[in-house]
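Here are the chains, one letter per residue:
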Amino acid sequence: MSDCIFCKIINGDIPSATIYENDEFKAILDRFPANKCHVLIIPKKHVENIFSIEPKLAGRLFEFAAKLAPIMKKTFGFDNMNVVQNNGVIAGQTVNHFHIHLIPRYENDSVNVSWKQLELTDEQIEQTRNALEESINL
Ligand code: AMP
Ligand code: ZN
């Protein structure tokens, strides 16, 4: 994708603070971080989002996230982290190339990852549960 900023980073056309890479993905520091040591894990192949990524590739990216998180924790001495992965404009995705955010959290920081909790009836929950369960055919 010629106009994709993360493809340009992967290709080396735009510089990045790379902390790790292999043949499938690159982990970099976010250039406009939510906090110190905000890491992005980016597949080298251009895939837009969770709806189109090959599930096994997504699994390997999250496997790496789970390996990297305790290393980040030990290196920087924090105990809390948000793992965020946005899909689509409404969900806050600004770069349409799949990526996982690892965002360390510190006491009284300014990061905000939250939502207002809805009040649903048991019947509404059951309708949703039923529709989804019937759709799952893995
Ligand atoms: P999202 O909003 O989930 O699509 O996240 C995109 C992330 O990419 C944001 O956190 C940006 O700060 C980050 N970002 C944008 N441009 C660059 C860049 N050139 N290098 C590193 N990170 C970037
Ligand atoms: Zn791309």
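Quick summary incoming for the structure in this document. This is a predicted model, so every value here is computed, not measured.

Attention shifts here to the site of ligand 1. With respect to spatial proximity, 16 residues lie near ligand 1, and among them Asp30, Asn86, Thr94, His99 and His101 are the closest. Here an oxygen atom of ligand 1 and a side-chain polar atom of Asn86 are 2.9 Å apart. Note that an oxygen atom of ligand 1 is positioned 3.0 Å from one of the backbone N or O atoms of Gly92. Bound to the protein, ligand 1 loses 85% of the 500 Å² it would expose on its own. Contributions of two or more residues to the shell around ligand 1 are made by helix H1 (5-11) and strand E2 (25-29).

Before going further, it helps to examine the environment of Ala27. Along the chain, the position of Ala27 falls in strand E2. In the structure, Ala27 is positioned 54 residues away from Met81 in sequence and 16 Å away in space, judged by C-alpha atoms. Setting aside its immediate chain neighbours within four residues, Ala27 contacts Ala17, Thr18, Ile19, Tyr20, Val39, Leu40, Ile41 and Phe64.

Bound to the zinc ion (ligand 2) on the protein side are Cys4 (SG), Cys7 (SG), His46 (ND1) and His97 (ND1), at distances that span 2.0 to 2.3 Å. In this structure, the zinc ion (ligand 2) is coordinated by four donor atoms arranged in tetrahedral fashion, with angles at the metal of 105 to 117 degrees. All donors to the zinc ion (ligand 2) come from one chain, and their sequence spacing reads C-x2-C-x38-H-x50-H. Taken individually, Cys4 and Cys7 each receive the classification buried, so the pair is uniform in this respect.

Further remarks concern the packing of aromatic side chains. In the structure shown here, the tally under the stated rule is four aromatic pairs. With a centroid separation of 6.1 Å and an interplanar angle of 35 degrees, the aromatic rings of Tyr20 and Phe25 are classed as tilted. Residue classification places Phe25 among the buried positions, given a relative accessible area of 5%. Seen from their ring centres, Phe25 and Phe64 are 4.9 Å apart, and the 45 degrees between their planes marks the pair as tilted.

Further remarks concern the nonpolar core. Proteins that are soluble and globular tend to have nonpolar side chains buried together. Ranked by internal contacts, the top residues of the largest apolar core, which has 18 residues, are Val39, Ile41, Ile53, Leu61, Met72 and Leu102. Going through the elements one at a time, E2, strand E3 (39-43), helix H2 (55-76) and strand E5 (100-105) are the ones with two or more residues in this core. Considering each element in turn, this core owes the most residues, seven residues, to H2. Among residues more than four places away in sequence, those in contact with Ile53 are Val47, Ala58, Leu61 and Phe98. Membership of the second largest hydrophobic core comes to nine residues, among which are Cys4, Phe6, Ile9 and Leu40.

The rules behind each value
- Residues numbered from 1 in each chain as written.
- Chains lettered and ligands numbered in written order.
- Predicted model: local features only at pLDDT ≥ 70, side-chain atom pairs only at ≥ 80, totals over all residues.
- Heavy atoms only, no water.
- Near = heavy atom within 4 Å.
- Polar contact = N/O pair within 3.5 Å; in protein donor to acceptor, adjacent residues only side chain to side chain.
- Areas by Shrake-Rupley, 256 points an atom, 1.4 Å probe, with all protein chains shown as cover.
- Helix = DSSP H or I, 4+ residues; strand = E, 2+ residues; numbered from the N terminus.
- Contact = heavy atoms within 4.5 Å.
- Donors = N, O, S within 2.8 Å, 3.2 Å for Na, K, Ca; no water.
- Tetrahedral: all angles 85-135°; square planar, octahedral: opposite > 155°, others 65-115°.
- Buried < 20%, exposed > 50% of the residue type's maximum accessible area, 1.4 Å probe, protein only.
- Phe/Tyr/Trp six-rings, centres within 6.5 Å; stacked < 30°, edge-to-face > 60°.
- Core = buried A, V, L, I, M, F, W, Y, C linked by side-chain atoms within 4.5 Å.

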